[in-house]
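Architecture and fold: a report
Next come the chains, spelled out residue by residue.
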Amino acid sequence: MQASCPRTLLKFIELRFCAATPLTYRRNPLRLFSQTGPDKQQLQANQKQSKVLTVPNAISFSRIILTPFIGHFIITKQLAYAVALGTLAGISDSLDGAIARRFPGQQSVVGTYLDPAADKIMVATLVISLTVSDLFPSSLAVLIISRDIVITCVVVRLAYLSLPRPVKLKNLVHARRMPLEMKASNISKFNTTCQLTAIVCSILAPLFSMENFVGLQGLWVVAAASTIASGYGYWKELPEWRRRAIEASKRSISS
């Protein structure tokens, strides 16, 4: 009876924990708990890649849902409501990143795409809404949106290059099969902050009759400069990103 206990325990571990793990861990379930080094890092990377339904991703998606409502309130001159929802969206932008950093188990490759995508959708929508309402310079709006369109096209291309060959349709539409993790650079984060600050101040300006305030125009200049600098930073890093995408594709094939 006592001799059968270890075998029973190992069988339970195999059935309970190893069904979704690689074959190596199914053959030896105890390796799942004792593994160190590259194999453990690979397992953690695989788990991170497979996650989609996480709290940060849900928060990022909720920010996308809020965006058209903010744009509607701007166009209809209900700026107080736009400020309230914009503040909520800004808090969510900080919250999802904080949760992902504080709880590594909530990190995911999908999140590295979804979070910046939510930011770009929100920025583009608000910029267009403000420009239509004559509250934002059209030249800056064109610069911001053009940069985001180019970056989006580049990211899509890199994501395609990172997929295992031959590329299958299910890999294109399945979020769990994104092997290349995208991380925003510091200059890109600074640019997003500058853009959102300029947007928020542009929304607030009519409420305080400060549309012609010099400080607001200065924010527009800073936002334009950071947008150009961020675009140059992406262009400079493009060869490295391309190399990493190709390596990710090769790793996916070998695994």
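Just so you know, these numbers come straight off a predicted model, no measurement behind them. (Residues numbered from 1 in each chain as written. Predicted model: local features only at pLDDT ≥ 70, side-chain atom pairs only at ≥ 80, totals over all residues. Heavy atoms only, no water.)

**Quick look at the packing of helix 5 (residues 55-75) against helix 7 (residues 109-132)**
Where helix 5 meets helix 7, the axes come as close as 9 Å, and the angle between the chain directions of the two elements is 5°. With respect to their mutual orientation, helix 5 and helix 7 come out roughly parallel. Contacts between helix 5 and helix 7 involve Asn57, Ser60, Phe61, Arg63, Ile64, Thr67, Ile70, Gly71, Ile74 and Ile75 from the first element and Val110, Gly111, Leu114, Asp115, Ala118, Asp119, Ile121, Met122, Thr125, Leu126, Ser129 and Leu130 from the second. Broken down by class, the residue content of the contact of helix 5 with helix 7 amounts to twelve nonpolar, seven polar and three charged. (Axes fitted to C-alpha atoms, helices over the stretch in contact; angles between N-to-C directions. Helix = DSSP H or I, 4+ residues; strand = E, 2+ residues; numbered from the N terminus. Parallel < 35°, antiparallel > 145°, perpendicular 65-115°, else oblique. Contact = heavy atoms within 4.5 Å. Nonpolar A, V, L, I, M, F, W, Y, C, P; charged D, E, K, R; others polar.)

**Quick word on a nonpolar patch on the surface**
Residues Leu207, Phe208, Met210 and Phe213 make up a contiguous nonpolar surface patch of roughly 400 Å² in combined accessible area. Looking at Met210, the relative accessible area reads 33%, which means it is partly exposed. (Patch = residues over 30% accessible without salt bridge, like charges linked within 9 Å, V, L, I, M, F, W, Y side chains within 5 Å. Areas by Shrake-Rupley, 256 points an atom, 1.4 Å probe, with all protein chains shown as cover. Salt bridge = Lys/Arg side-chain N within 4 Å of Asp/Glu carboxyl O. Buried < 20%, exposed > 50% of the residue type's maximum accessible area, 1.4 Å probe, protein only.)

**Re the side chain of Thr227**
Along the chain, the position of Thr227 falls in helix 11 (residues 214-254). Ignoring any residue separated from it by four or fewer positions in sequence, one finds Thr227 in contact with Leu143, Ile144, Arg147, Asn191 and Gln195.

**Observations regarding the packing of helix 7 against helix 10 (residues 186-204)**
Contact geometry of helix 7 with helix 10 gives a least axis separation of 11 Å together with a crossing angle of 35°. Crossing angle aside, the handedness with which helix 7 passes helix 10 is left-handed. Across the interface between the two elements, Asp119, Met122, Val123, Leu126, Val127 and Leu130 from helix 7 touch Thr192, Gln195, Leu196, Ile199, Ser202 and Ile203 from helix 10. Grouping the amino acids of the contact of helix 7 with helix 10 by side-chain chemistry returns eight nonpolar, three polar and one charged. (Left-handed = near helix turned anticlockwise from the far one by under 90°.)

**Regarding the UniProt feature "transmembrane region" (unreviewed entry) in the chain**
Annotation from UniProt places "transmembrane region" (unreviewed entry) at residues 190-208 and 214-235. For residues 190-208, the helix share is 79%, the strand share is 0%, and the end-to-end C-alpha distance is 26 Å. (UniProt positions renumbered as here; feature names shortened; annotations may be inferred.)

**Considerations on the pattern of salt bridges**
Summed over the entire model, instances satisfying the criterion amount to seven salt bridges. A salt bridge links Asp115 to Arg63, with the shortest nitrogen-to-oxygen separation between them at 2.7 Å. With Asp115 in helix 7 and Arg63 in helix 5, this pair connects stretches of sequence that are 52 residues apart. Exposure remark for Asp115: the relative accessible area of 22% places this residue in the partly exposed category.

**Thoughts on the side chain of Ser60**
Summarising the element assignment, Ser60 is placed in helix 5. For Ser60, a relative accessible area of 2% puts it in the buried group. Within the structure, the side chain of Ser60 is placed 2.8 Å from the side chain of Asp96, a separation counted as a polar contact. Among residues more than four places away in sequence, those in contact with Ser60 are Asp96, Leu114, Asp115 and Ala118. (Polar contact = N/O pair within 3.5 Å; in protein donor to acceptor, adjacent residues only side chain to side chain.)

**A few points about the packing of aromatic side chains**
The full count for this structure, using the stated rule, is three aromatic pairs. Relative to Trp220, the ring of Phe136 lies with its centre 6.1 Å away and its plane at 65°, an arrangement referred to as edge-to-face. Placement of Phe136 in the loop between helix 7 and helix 8 (138-162) and of Trp220 in helix 11 is noted, with a sequence separation of 84 residues between them. By the burial criterion, Phe136 is buried, and Trp220 matches it. Taking the ring centre of Phe103 as reference, the NZ or CZ of Arg102 above it sits at 5.1 Å. (Phe/Tyr/Trp six-rings, centres within 6.5 Å; stacked < 30°, edge-to-face > 60°. Lys NZ or Arg CZ within 6 Å of the ring centre and 35° of its normal.)

**Details of the nonpolar core**
The biggest cluster of nonpolar side chains holds 27 residues, and the ones touching the most others in it are Phe136 and Ile199. In terms of residue count, the dominant contributor to this core is helix 7 (five residues). Dropping the residues within four chain positions of it, Phe136 is found in contact with Val127, Leu130, Thr131, Ala141, Ile144, Ala198, Ile199, Ser202 and Trp220. (Core = buried A, V, L, I, M, F, W, Y, C linked by side-chain atoms within 4.5 Å.)

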